[in-house]
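Here is what each chain is made of, one letter per residue.
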Amino acid sequence: MYGAGGGKRRAWSDKTPLLGQHQRTAPTYSSNLSYSSSSSVEMSSTLTPLVAVPRSFFLGVDVGTGSARAGVFDGHGKLLGSASCPIQIWKQGDCVEQSSTDIWHAVCASVKSACSLANVAGEEVVGMGFAATCSLVAVDADGAPVTVSWSGDSRRNIIVWMDHRALKQAEKINSSNSPVLQYCGGALSPEMQPPKLLWVKENLQESWSMAFRWMDLSDWLSYRATGDDTRSLCSTVCKWTYLGHAHMQQMTEKDSRDMEACGWDDEFWEEIGLGDLVDGHHAKIGRSVAFPGHPLGSGLTPTAAKELGLVAGIPVGVSLIDAHAGGVGIMESIPESAADIQENDKEAICHRMALVCGTSTCHMAVSQSKLFIPGVWGPFWSAMIPEYWLTEGGQSATGALLDHIIENHVASPRLANRAASQNVSLFELLNNILKKMMDNLKSPFLAALTKDMHILPDFHGNRSPVADPKANGIICGLTLDASEKQLALLYLATVQSIAYGTRHIVEHCNAHGHKIDMLLACGGLSKNPLFVQEHADVTGCPIVLPRESESVLLGAAILGAVASKKYSSLMEAMKALNAAGQVIHPSTNARVKKYHDAKYRIFRDLYETQLSQRSIMAQALE
């Protein structure tokens, strides 16, 4: 879902069928019309005609792993209508690829449907923004796709964020000991762009020579919409080793209008064998950069406007990676009581961590000073919120892991059929089974059902905090039981293991200078009450859920609101458009805490055991 976090998962919360492609062409007006009449002593016999109050809305687009989504928001940050359209994906081993052409068509369809459902005409959209997975896009000088696939299929011009083909290239780059690596937790992940670029150069020479632009997907979407090749500080800093703090003196609107990309470390690119990307003032990877929300070019081009069903010239804000858009859409979603206390405290936001929970989960916290944390990405200056350093942890497979665990169990088809017949999600059905098991077994609390089952969730490697892409998953406690109840236990143990991974990240960050004591969650998995409560109980932190569950779409729409000059800064827009919904508190039962502390200890031991086993087998094969 969220590649750095998020697209649309087939999760229990996704009950909305795929929407048709409808477009409103006629403007609509608010029913709240303003009237005026004469106030003179002599009453006028003629009333002033009705005056329609112009309406204005913000549009957010989010391209995730499995779909493109669009949402229309009003001036209070309320979602009026959203729609999604599936996107194609090719998977073969470690290679995962997509098509930018297919994605753009899906974006256009979802935008038209969202506007139609929201009863909003194209001319009423006054700003828009894009968010997307941190996937790598290759296009030629004409903007046409350049294949990044062994197949040679020109449609397949995107290496998806979760693609792990560049493991060897990542190891090679990390052996360079370049200074830029300290801003990536000490090592690049194969999910970042330099290893993927090196893989293409080493394996697909023709594609390497044809490619005129290499872009993060969110930047490509903005480029496709506006024709402006300016890159986002978010994508370049977080995934390309760009040093955003080179722009610390360019915070004013005037200074940041045309920021030349001065944060590239040319020695790094030369050392890893990609020195040709330095040519032409880094033309292929970004000659100019800007803060998220900065208006791009002259806004939406006539061609893009026609394709999207919108109006040319609409301001488009510099993009964000999808997980980071989720952060923007949630980090100020705190209860009013807390907001009153913290209103003018710049440090208050530094006590929060945003969890953007989808296919993968991203864990994001900000600080006023830079904190170097081994195994955790960052510190990234202004990559999410201007003037704050971003720390980014993550789990490479969370929603994807739950899908994998459930779908590969023999009882899954029976449960899926029952869920469909009851018109409930599979997760909801599993949650109900667990509650019945707790009652029947007289378990002291639901979590205790998994006392004999322990899971290490690193089925797609460990992104943080151990930063081991070779890590594997472990399941302890399997029997010959293939019942639905056994699947429910496996599901619960997997949810708990993901929560233990979050606890590991929070503890690791706090041990290196953070002061995180509140979690804010969004994304498909955050709509699952079991998932949220287990995270609260395991971490000991209250979890705030936003009023609007589509936080990534809201974050993208906030970029449009800033670009339209409705707000003077990203933070101002966040404070105006974020809002808290529900707060989930940790259990007050001391036995629950004692139980999770014990399971967490086993969780940590599982990885150490894996390292030991890896060493034993390596020695055996020498």
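Residues numbered from 1 in each chain as written. Predicted model: local features only at pLDDT ≥ 70, side-chain atom pairs only at ≥ 80, totals over all residues. Heavy atoms only, no water.

Chemist: Is there a simple way to explain the sheet that holds strand β11 (residues 259–260) in this structure?
Modeler: Pairing between the strands of a sheet comes from backbone hydrogen bonds, and it takes one of two forms, parallel or antiparallel. One open sheet holds the three strands; their spatial order is β10-β12-β11, and the pairing between them is mixed. Two strands in the sheet have a free side with no partner beyond their single neighbour: β10 (231–232) and β11. Note that β11 and strand β12 (residues 288–290) share two bridges and pair antiparallel. Counterpart to Glu 260 in the pairing with β12 is Ser 288. (Pairing = 2+ DSSP bridges. Helix = DSSP H or I, 4+ residues; strand = E, 2+ residues; numbered from the N terminus.)

Chemist: Sorry if this is basic, but what is going on with the pairing of strand β1 (residues 57–63) here?
Modeler: The buried count for β1 comes to seven of seven residues, which makes it a mostly enclosed element. The alternating pattern of β1 places Phe 57, Leu 59, Val 61 and Val 63 on one face and Phe 58, Gly 60 and Asp 62 on the opposite face, and all of these are buried. In this sheet, strand β6 (residues 125–132) lies alongside β1 in parallel orientation, the contact comprising seven bridges. Residue Val 63 lies in a different strand from β6, and its bridge partner there is Ala 132. Between β1 and strand β2 (residues 67–73), which follow one another and run antiparallel, lie three residues. (Buried < 20%, exposed > 50% of the residue type's maximum accessible area, 1.4 Å probe, protein only.)

Chemist: What should I look at first to understand empty space enclosed by the protein in this one?
Modeler: The probe, sized like a water molecule, is rolled over the atoms to show the empty space still left. In the structure shown here, the tally under the stated rule is five cavities of 30 Å³ or more. Taken as a whole, the second largest cavity spans an internal volume of roughly 60 Å³. Lining the second largest cavity are 13 residues, and of these Tyr 183, Val 237, Tyr 242, Leu 243 and Phe 380 lie nearest its centre. When residues of the lining of the second largest cavity are assigned to their parent elements, the largest contribution, three residues, is made by strand β16 (residues 377–381). When its residues are assigned to classes, the lining of the second largest cavity shows ten nonpolar, three polar and no charged. (1 Å grid on protein atoms, 1.4 Å probe; cavity = no way out; pocket = protein on both sides within 12 Å on 5 of 7 lines; lining within 4 Å. Points joined across faces, edges and corners; volume = space filled by probe spheres on them. Nonpolar A, V, L, I, M, F, W, Y, C, P; charged D, E, K, R; others polar.)

Chemist: Sorry, what's going on with a negative patch on the surface here?
Modeler: A cluster of like negative charges, contributed by Asp 266, Glu 267, Glu 270, Glu 271 and Asp 279, occupies part of the molecular surface. Residue position: Glu 267 is located in helix α8 (residues 266–271). (Patch = residues over 30% accessible without salt bridge, like charges linked within 9 Å, V, L, I, M, F, W, Y side chains within 5 Å. Areas by Shrake-Rupley, 256 points an atom, 1.4 Å probe, with all protein chains shown as cover. Salt bridge = Lys/Arg side-chain N within 4 Å of Asp/Glu carboxyl O. Lys, Arg positive; Asp, Glu negative; His and termini not counted. Charge placed at Lys NZ, Arg CZ, Asp CG, Glu CD.)

Chemist: Help me out: how do you make sense of the sheet that holds strand β8 (residues 158–159) in this one?
Modeler: The strand order across the open sheet built from five strands is β4-β5-β8-β7-β9, with neighbouring strands paired in antiparallel fashion. Each edge of the sheet is formed by a strand with only one pairing partner; in this case those strands are β4 (90–92) and β9 (213–216). Here β4 pairs with strand β5 (residues 95–98) via three bridges, running antiparallel. When the sheet's bridge partners are listed, Trp 90 is paired in β5 with Glu 97.

Chemist: What's the story with helix α15 (residues 426–440) in this structure? I'm lost.
Modeler: An α-helix turns once every 3.6 residues. As a result, residues three or four positions apart point the same way. Compared with an ideal rise of 1.5 Å per residue, which puts 15 residues at 21 Å, α15 spans 21 Å between its outermost C-alpha atoms and is within 8% of the ideal. Two residues or fewer after α15 comes Lys 442, characterised by a positive phi angle close to 50°. (Expected span 1.5 Å × (residues − 1).)

Chemist: How should the packing of α15 against helix α16 (residues 484–511) be read in this particular structure?
Modeler: Running from amino to carboxyl end, α15 crosses α16 at an angle of 105°, the nearest separation of the two axes being 9 Å. By the angle between their directions, the pair α15 and α16 is classed as roughly perpendicular. Along its contact with α15, which presents Phe 427, Leu 430, Asn 431, Ile 433, Leu 434 and Met 437, the element α16 presents Lys 485, Leu 487, Ala 488, Leu 489, Tyr 491 and Leu 492. When the residues that make up the contact of α15 with α16 are grouped by side-chain class, the tally is ten nonpolar, one polar and one charged. (Axes fitted to C-alpha atoms, helices over the stretch in contact; angles between N-to-C directions. Parallel < 35°, antiparallel > 145°, perpendicular 65-115°, else oblique. Contact = heavy atoms within 4.5 Å.)

Chemist: Help me understand the confidence of the model for the chain, please; the structure alone is not making it clear to me.
Modeler: Keep in mind that low pLDDT regions are not for reading the predicted coordinates in detail. This prediction gives the chain a mean pLDDT of 90; 90% of its residues lie at or above 70. Below a pLDDT of 50 lies the segment residues 1–48, which in the model reaches 130 contacts outside its immediate sequence neighbourhood of four places, other chains included. (pLDDT = per-residue confidence, 0-100.)

Chemist: Help me out: how do you make sense of the packing of helix α1 (residues 100–118) against helix α5 (residues 217–226) in this one?
Modeler: Packed helices, taken two at a time, are described by the angle their axes make and the gap between the axes. Between α1 and α5, the least distance of the axes is 12 Å, while the angle of their chain directions is 65°. Here α5 runs roughly perpendicular to α1, going by the angle between their axes. Both α1 and α5 take part in a crossing whose hand is right-handed. On α5, the residues touching Ser 100, Ile 103, Trp 104 and Val 107 of α1 are Leu 217, Trp 220, Leu 221, Arg 224 and Ala 225. When grouped by side-chain class, the residues that make up the contact of α1 with α5 number seven nonpolar, one polar and one charged. (Left-handed = near helix turned anticlockwise from the far one by under 90°.)

Chemist: How do you make sense of the packing of aromatic side chains when you look at a structure like this?
Modeler: How two aromatic rings sit relative to each other is given by the distance of their centres and the angle of their planes. As enumerated under the stated definition, the model contains 14 aromatic pairs in all. With a centroid separation of 5.9 Å and an interplanar angle of 70°, the aromatic rings of Trp 264 and Trp 269 are classed as edge-to-face. Assigned by exposure class, Trp 264 and Trp 269 land together as buried. Aromatic side chains Tyr 600 and Phe 603 sit 6.0 Å apart centroid to centroid with 15° between the ring planes, which places their arrangement in the stacked category. Placement of the pair is Tyr 600 and Phe 603 together in helix α20 (residues 590–620), with a separation of three residues, close to one helical turn. Each member of the pair, Tyr 600 together with Phe 603, is buried. Three or more aromatic residues link up through ring pairs in this structure, and these residues are Tyr 242, Trp 264, Phe 268 and Trp 269. The ring of Trp 199 carries Arg 165 above its face, with NZ or CZ at 4.5 Å from the centroid. Over the ring of Tyr 600 we find Arg 503; its NZ or CZ atom is 4.1 Å from the centre of that ring. (Phe/Tyr/Trp six-rings, centres within 6.5 Å; stacked < 30°, edge-to-face > 60°. Lys NZ or Arg CZ within 6 Å of the ring centre and 35° of its normal.)

Chemist: Which parts of the structure should I look at to understand the nonpolar core?
Modeler: Buried together is how nonpolar side chains tend to be arranged in soluble globular proteins. Counting residues in each nonpolar core, the largest one holds 91 residues, and the members touching the most others are Leu 197, Trp 214, Trp 269, Val 366 and Ile 558. For this core, the element with the highest residue contribution is helix α18 (residues 551–563), accounting for nine residues. Residues in contact with Ile 558, not counting those within four places in the same chain, are Val 328, Gly 329, Leu 570, Ala 573, Met 574, Leu 577 and Asn 578. Core analysis: the next-biggest nonpolar cluster, separate from the first, contains 49 residues, Tyr 491, Ala 493, Ile 516 and Ile 543 among them. (Core = buried A, V, L, I, M, F, W, Y, C linked by side-chain atoms within 4.5 Å.)

Chemist: Honestly, the pattern of salt bridges in this entry has me stumped. Any pointers?
Modeler: Any two side chains of opposite charge can pair, so long as their charged atoms come close to each other. Under the defined criterion, the tally for this structure stands at 26 salt bridges. With its nearest N and O atoms 3.1 Å apart, the salt bridge here joins Glu 124 to Arg 55. Pair noted here: Glu 124 is in the loop between α1 and β6 and Arg 55 is in the segment before β1, with a separation of 69 residues, a long-range link. Residue Glu 171 is joined to Lys 470 by a salt bridge in which the shortest nitrogen-to-oxygen separation is 3.2 Å. Here the residue Glu 171 occupies a position in helix α2 (residues 167–174), and Lys 470 occupies one in the loop between β18 (454–456) and β19 (474–476), the gap between them amounting to 299 residues. When its relative accessible area of 43% is taken as the criterion, Glu 171 is described as partly exposed. The class of Lys 470 is partly exposed, set by a relative accessible area of 48%.

Chemist: What should I look at first to understand the environment of Trp 199 in this one?
Modeler: Relative to the elements of secondary structure, Trp 199 occurs in helix α3 (residues 193–203). Overall, the relative accessible area of 5% leaves Trp 199 in the buried class. The residues touching Trp 199, leaving out its near neighbours within four places in the chain, are Val 148, Trp 150, Arg 165, Ala 166, Gln 169 and Leu 204.

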